[in-house]
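# Observations on chain architecture
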Amino acid sequence: MESLQTPYRAVIVGATGGLGAAFVQQLEQDPDCGQVVGLHRHSKPRVDLLDEVSIEHAASWLREQAPEWDLILDATGILTIDGHGPEKRLRDLDPAIMAHAFAINAIGPALLFKHLAPLLPRTRKGVLATLSARVGSIEDNHLGGWISYRASKAALNQIVRTTALELRFSHRQAVVLALQPGTCATRLSEPYRARAPEVLEPETATGALLKVLDRLDATDSGTFYDFEGQRLPF
Ligand SMILES: NC(=O)c1ccc[n+]([C@@H]2O[C@H](COP(=O)([O-])OP(=O)(O)OC[C@H]3O[C@@H](n4cnc5c(N)ncnc54)[C@H](OP(=O)(O)O)[C@@H]3O)[C@@H](O)[C@H]2O)c1
């Protein structure tokens, strides 16, 4: 990435996922990237979104490696929960499943932001981005259904906006973003993508998202962008 200092340091959380692994692979091939760390539930240190202590330990470990990290990407997320796919209608709602969607898609990323945002550079551009989903947009919701996934991603979008506002004085060049990767061929989307107009390979989506992140700056912080560089409504 050309807009970050050279060499830059990157950390990807959710590196076992389809999109997380593609981010790691692409960054490893970028000659400007000096270090890329992929974290997940079985890495050392491990990161489990349901265990804040694991996130705190991972943040301390990262700080020991280097005081500042230029690119922090959250590629975690969940759609099917304990075999339950997204709800078609209100009567399918199960509070335990809905709570789990919020724990992974909203509270977990908020905890990542809490512990990892202090690692962003203070005097140069740094990126803190999370993979949201277009269906989390309230304004763009014309179909209904998928209430837990939609609502948890809408909450995530609010967490992005609020984090961006908090960081605007302490980390003036930070770019905090929610990202829509498009429908991608990964484990998460596998049961649901048959009717998608276009299905991207993970490398295509992550390559495009890295280009978008390269182009945006602090004036874009707290917004929602898709892989084509279009700003999406919250
Ligand atoms: N694929 C798409 O079409 C699409 C479209 C729009 C948005 N997105 C978003 O993109 C993100 C990545 O999706 P993907 O398609 O790459 O899905 P994926 O292949 O299923 O990857 C999901 C990742 O989340 C991790 N994760 C789940 N629960 C966790 C926990 N408790 N602690 C730590 N990590 C946990 C998984 O770790 P394990 O390997 O340990 O389970 C895995 O690394 C998600 O937020 C998704 O909503 C995807």
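The structure we're discussing is the one just above.
Residues numbered from 1 in each chain as written. Predicted model: local features only at pLDDT ≥ 70, side-chain atom pairs only at ≥ 80, totals over all residues. Heavy atoms only, no water.

### Observations regarding the overall build of the chain
Along its length, the chain carries five helices and six strands. For 234 residues, the compact-globule estimate of 2.2 N^0.38 gives 17 Å, and the chain sits close to it at 17 Å. Taken along the three principal axes of its C-alpha coordinates, the chain extends 50 × 35 × 30 Å. Looking at the chain alone, contacts between residues at least 24 apart form 72% of all its contacts between residues at least 6 apart. (Helix = DSSP H or I, 4+ residues; strand = E, 2+ residues; numbered from the N terminus. Rg over C-alpha atoms; globule rule 2.2 N^0.38 Å. Contact = heavy atoms within 4.5 Å.)

### Brief notes about the site of the ligand
Near the ligand there are 28 residues, and of these T16, R41, T76, Y149 and T186 occur at the shortest range. One of the side-chain nitrogen or oxygen atoms of D48 is found 3.1 Å away from a nitrogen atom of the ligand. Note that a nitrogen atom of the ligand is positioned 2.9 Å from one of the backbone N or O atoms of L49. For the ligand, the protein covers 92% of the area, taking 900 Å² as the surface of the free molecule. Looking at the shell around the ligand residue by residue, the classes come out as twelve nonpolar, twelve polar and four charged. (Near = heavy atom within 4 Å. Polar contact = N/O pair within 3.5 Å; in protein donor to acceptor, adjacent residues only side chain to side chain. Areas by Shrake-Rupley, 256 points an atom, 1.4 Å probe, with all protein chains shown as cover. Nonpolar A, V, L, I, M, F, W, Y, C, P; charged D, E, K, R; others polar.)

### Focus on empty space enclosed by the protein
Tallied over the entire structure, the rule returns one cavity of 30 Å³ or more. Considering only enclosed or pocket space, the largest cavity measures out at about 30 Å³ in volume. Around the largest cavity, the lining residues are V13, I72, L73, D74, L112, F113, L116, L128 and A129. Counting only elements with at least two residues in the lining of the largest cavity, the list comes to β3 (71-74), α3 (95-116) and β4 (126-131). Along the lines of polarity and charge, the residues of the lining of the largest cavity split into eight nonpolar, no polar and one charged. (1 Å grid on protein atoms, 1.4 Å probe; cavity = no way out; pocket = protein on both sides within 12 Å on 5 of 7 lines; lining within 4 Å. Points joined across faces, edges and corners; volume = space filled by probe spheres on them.)

### Considerations on the pattern of salt bridges
One pass over the full model with this rule turns up six salt bridges. We note a salt bridge from R124 to E68, for which the minimum N-O separation is 3.1 Å. Of the two residues, R124 sits in the loop between α3 and β4 while E68 sits in the loop between α2 (52-65) and β3, which places them 56 residues apart along the sequence. Residue E68 is classed as partly exposed on the basis of its relative accessible area, which comes to 23%. Connected via shared salt-bridge partners are E68, D70 and R124. (Salt bridge = Lys/Arg side-chain N within 4 Å of Asp/Glu carboxyl O. Buried < 20%, exposed > 50% of the residue type's maximum accessible area, 1.4 Å probe, protein only.)

It is worth stressing that arrangement in space is one thing and function is another; only the former is reported here.
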